[in-house]
Amino acid sequence: MLTTVPDAAEPEVETPPPRKNRVRLTAIVLVLSIASLPMLMPFGMGPGPGNTAIPDVLLVLLTGTTLLWATSRRKPVPWPFVVPTLLAVLAGAVASVVNDGAGALPLVKDVFVLLWAVCVATLCQDAGMTRIALRAYVYVGTLYAVLEIVGMAAGIEALSGKQVDGARAMFTFGDANYASNWFICVFFIARAARLPRRKGARWTVCAILLTAEFLTGSNGGALALVIALVVGYLWRLVREGKAHHAVAAGALAAVLGGGTLVVLSQINVATLVEQVGDQAPILRDSIGRTTGESTESRGTVLNTTLTMLREQRHPFGIGPNEVRRHSYDEQYSYVREAHNDYIAAVLERGFLGGVAVIALVFVLLLRCVRIARRGALNREYADHVPHPELFGALVAVFLVSALFYQTLHYRHGWAFFGLIAAVDLYGRRRQEGP
């Protein structure tokens with residue numbers, strides 16, 4: 001009788017985890033990171049050291065995850081907008097050295113916030129990740145809008161972020177204007193991506209987002225929204241080959257806008273707002289501010305910063321983020337940060353800072369123009385972003401808002417800029433270069 005001797009056990013070979021699990025983990029981190037963007041001051045919490053917040057912690061995790069994802073798939077790691085950012089850092093460094101080291105910390109923040117664009121652009125070279133990022137922006141943003149509306153309706157300030165001394169909602173941003181920009185950003189992404197796909201659901205989402213934006217009472221945000229809607233419509237006409245229609249519509253919009261300003265100049269807005277102020281406090285704290293303290297304070301800040309520009313002793317600026325301290329040292333009547341990105345760039349970082357802002361705007365608009373051309377996107381990306389011209393309209397929101405607030409350091413803005421870069425770099429049919 002033959003005895004069968006079992007073969008020696010072969011050593012087990014560890015197999016790497018399925019790529020699908022790796023992708024799923026990366027997608028979860030991406031969604032959580034986008035969801036964290038508004039969490040600057042949740043439930044009344046103050047900012048951390050150096051004005052850090054929850055999104056900054058998630059950005060560290062996202063950066064590590066992105067690098068692992070790119071390495072495992074042998075994907076490149078693009079650095080979109082790196083030239084304008086390095087120009088801004090160089091300008092800030094020169095201004096800091098000239099002013100005895102003033103404002104060195106913001107230079108680190110410049111590079112740190114750029115990582116949002118780097119991570120999103122890297123992950124979204126995969127069309128599936130682009131789909132996930134777009135859906136995260138829209139669905140999470142809509143959920144936050146619902147929470148803000150419910151909080152305002154039910155008087156739950158932890159949800160609405162309602163101002164202690166006013167009726168404006170700030171959600172978890174700690175700033176009503178910041179919150180307004182976020183909801184406008186989500187609104188345009190929803191329209192550009194046509195999310196949700198069903199028309200009725202999409203219009204419902206847009207209505208919710210606009211309601212949340214209205215509750216922030218941001219006049220600058222409302223103005224930027226109106227201008228961007230017009231820009232998006234005109235851009236769409238040009239994209240469809242109806243340039244002559246775009247010219248006519250643009251002329252009509254200019255006439256209507258000018259006429260509206262003339263009519264409003266003849267109406268005593270303050271009296272009207274005062275009459276409805278008790279029934280609609282949000283109107284008092286939004287439109288009502290255009291005739292009172294808000295307009296006067298912004299005018300004072302503008303005059304103060306322009307005075308600083310004229311009185312500069314050299315062309316290198318007073319140092320990054322040094323407007324408040326400089327105002328105090330020079331004993332100006334109004335001590336506040338600059339409320340204008342363009343003036344702040346030149347005032348704080350000199351002529352190089354101005355060049356950096358111009359370079360950033362140029363690159364943003366160039367990318368938007370390239371992806372908005374008819375037939376510019378391949379099938380996958382065109383399916384995810386059916387109306388890429390609305391990305392350009394959203395850039396217009398940031399450019400207009402920068403006249404009233406310092407928006408070019410908004411974290412969610414740089415994440416959106418990364419989306420633009422990804423669609424431009426990897427979504428076009430013909431690779432014309434970055």
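Structure shown above.
Colleague: Whenever I open this one, the overall build of the protein confuses me. Can you help?
Modeller: Along the backbone of the protein there are 18 helices and zero strands. A buried classification covers 49% of the 434 residues belonging to the protein. Counted over contacts in the protein with a minimum sequence separation of 6, partners at least 24 positions apart contribute 77%. A total accessible area of about 21,600 Å² is found for the protein, and carbon and sulfur atoms account for 64% of it.

Colleague: In this structure, what is going on with the packing of aromatic side chains? I would like to understand it.
Modeller: Aromatic rings considered in pairs are described by the distance between their centres and by the relative angle of their planes. The full count for this structure, using the stated rule, is 17 aromatic pairs. Ring geometry for F81 against W414: centres 6.1 Å apart, planes inclined by 80°, an arrangement best described as edge-to-face. Taken together, the residues F81 in the loop between helix 2 (54–73) and helix 3 (82–98) and W414 in helix 18 (residues 411–426) connect sequence positions 333 residues apart. Grouping residues by exposure puts F81 and W414 together as buried. When the ring of F173 is compared with that of W182, the centres are 6.2 Å apart and the planes differ by 50°; the resulting orientation is tilted. A single burial state applies to F173 and to W182, both of which are buried. By way of ring pairs, the aromatic residues Y137, Y144, F171, F173, Y178, W182, F183 and Y410 are connected into one cluster. The ring of F81 carries the charged tip of R367 above its face, separated from the ring centre by 5.4 Å.

Colleague: Sorry, what's going on with the nonpolar core here?
Modeller: Soluble globular proteins tend to pack their nonpolar side chains together in the buried interior. Ranked by size, the top nonpolar core spans 91 residues in total, and within it F81, Y137, F188, I189, F391, W414 and F416 carry the most contacts. If one sorts the elements of this core by residue count, helix 7 (residues 176–193) sits on top with 13 residues. Other than its neighbours up to four places away in sequence, I189 contacts L134, Y137, V138, F391, L394, F416 and L419.

Colleague: What is the right way to read the packing of helix 5 (residues 127–154) against helix 8 (residues 199–215) from this model?
Modeller: How two helices sit against one another is set out by the angle between their axes and by the gap between those axes. Where helix 5 contacts helix 8, the axes come no closer than 9 Å and their chain directions differ by 50°. Classified by the interaxial angle, the pair formed by helix 5 and helix 8 is oblique. Here helix 5 and helix 8 pass one another in a crossing that is left-handed. Judged by residue contacts, V138, G141, T142, A145, V146, E148, I149 and M152 of helix 5 engage V205, I208, L209, T211, A212 and L215 from helix 8.

Colleague: In this structure, what is going on with a nonpolar patch on the surface? I would like to understand it.
Modeller: A grouping of L67, V77 and W79 is seen on the molecular surface, where their side chains present a nonpolar patch of about 260 Å² in accessible area. Examined against the element boundaries, L67 turns out to sit in helix 2. A relative accessible area of 44% places L67 in the partly exposed class.

Colleague: Help me understand helix 15 (residues 341–372) in this model?
Modeller: Working note: α-helix, 3.6 residues per turn, so residues spaced by three or four point in the same direction. If you check helix 15, its first and last C-alpha atoms are just 26 Å apart, much less than what 32 residues at 1.5 Å a residue would give, namely 46 Å. At R349, helix 15 shows its largest kink, close to 145°. In this structure N340 caps helix 15, since a side-chain oxygen of it lies 2.8 Å from the backbone nitrogen of Y342.

Colleague: Teacher, can you tell me more about unusual backbone geometry here?
Modeller: A negative phi angle characterises most non-glycine residues, just as the trans form characterises most peptide bonds. Of note, the bond from L195 into P196 is cis; its omega dihedral lies within 30 degrees of zero at -10°. By the secondary structure assignment, P196 is in the loop between helix 7 and helix 8. Of note in this structure, F171 is not a glycine but carries a positive phi near 50°. Structurally, F171 can be placed in the loop between helix 6 (157–160) and helix 7. Not every positive phi belongs to a glycine, and R194 is a case in point at roughly 55°. For R194, a relative accessible area of 36% puts it in the partly exposed group.

Colleague: Just to check I follow, could you spell out helix 8 for this structure?
Modeller: Over its 17 residues, helix 8 extends 24 Å from the first C-alpha to the last, a length consistent with the 24 Å expected when each residue adds 1.5 Å. Taken together, the buried positions of helix 8 are A201, R202, V205, C206, L209, A212, E213 and L215. One or two steps after helix 8, the chain reaches G217, where phi turns positive at roughly 65°.

Colleague: Explain the pattern of salt bridges to me, please; I cannot follow it from the model alone.
Modeller: Opposite charge on two side chains allows them to pair when their charged atoms are near. Applying the stated rule across the entire model yields nine salt bridges. One salt bridge in this structure joins D110 and R349, with 2.7 Å as the shortest N-O distance. One end of the pair, D110, is in helix 4 (residues 105–123); the other, R349, is in helix 15, with 239 residues separating them in the sequence. An identical accessibility class is assigned to D110 and R349; each is buried. D424 serves as the salt-bridge partner of R370, at 2.7 Å between the closest nitrogen and oxygen. Of the two residues, R370 is situated in helix 15 and D424 in helix 18; the sequence distance between them amounts to 54 residues. You'll find R370 and D424 in the same group, each marked buried. Beyond isolated ion pairs, a larger network of salt bridges with shared partners links R367, R370, D424 and R428.

Procedures and definitions
Residues numbered from 1 in each chain as written. Predicted model: local features only at pLDDT ≥ 70, side-chain atom pairs only at ≥ 80, totals over all residues. Heavy atoms only, no water. Helix = DSSP H or I, 4+ residues; strand = E, 2+ residues; numbered from the N terminus. Buried < 20%, exposed > 50% of the residue type's maximum accessible area, 1.4 Å probe, protein only. Contact = heavy atoms within 4.5 Å. Areas by Shrake-Rupley, 256 points an atom, 1.4 Å probe, with all protein chains shown as cover. Phe/Tyr/Trp six-rings, centres within 6.5 Å; stacked < 30°, edge-to-face > 60°. Lys NZ or Arg CZ within 6 Å of the ring centre and 35° of its normal. Core = buried A, V, L, I, M, F, W, Y, C linked by side-chain atoms within 4.5 Å. Axes fitted to C-alpha atoms, helices over the stretch in contact; angles between N-to-C directions. Parallel < 35°, antiparallel > 145°, perpendicular 65-115°, else oblique. Left-handed = near helix turned anticlockwise from the far one by under 90°. Patch = residues over 30% accessible without salt bridge, like charges linked within 9 Å, V, L, I, M, F, W, Y side chains within 5 Å. Salt bridge = Lys/Arg side-chain N within 4 Å of Asp/Glu carboxyl O. Expected span 1.5 Å × (residues − 1). Bend = angle between axes of the 7 residues up to and from the residue. Polar contact = N/O pair within 3.5 Å; in protein donor to acceptor, adjacent residues only side chain to side chain.

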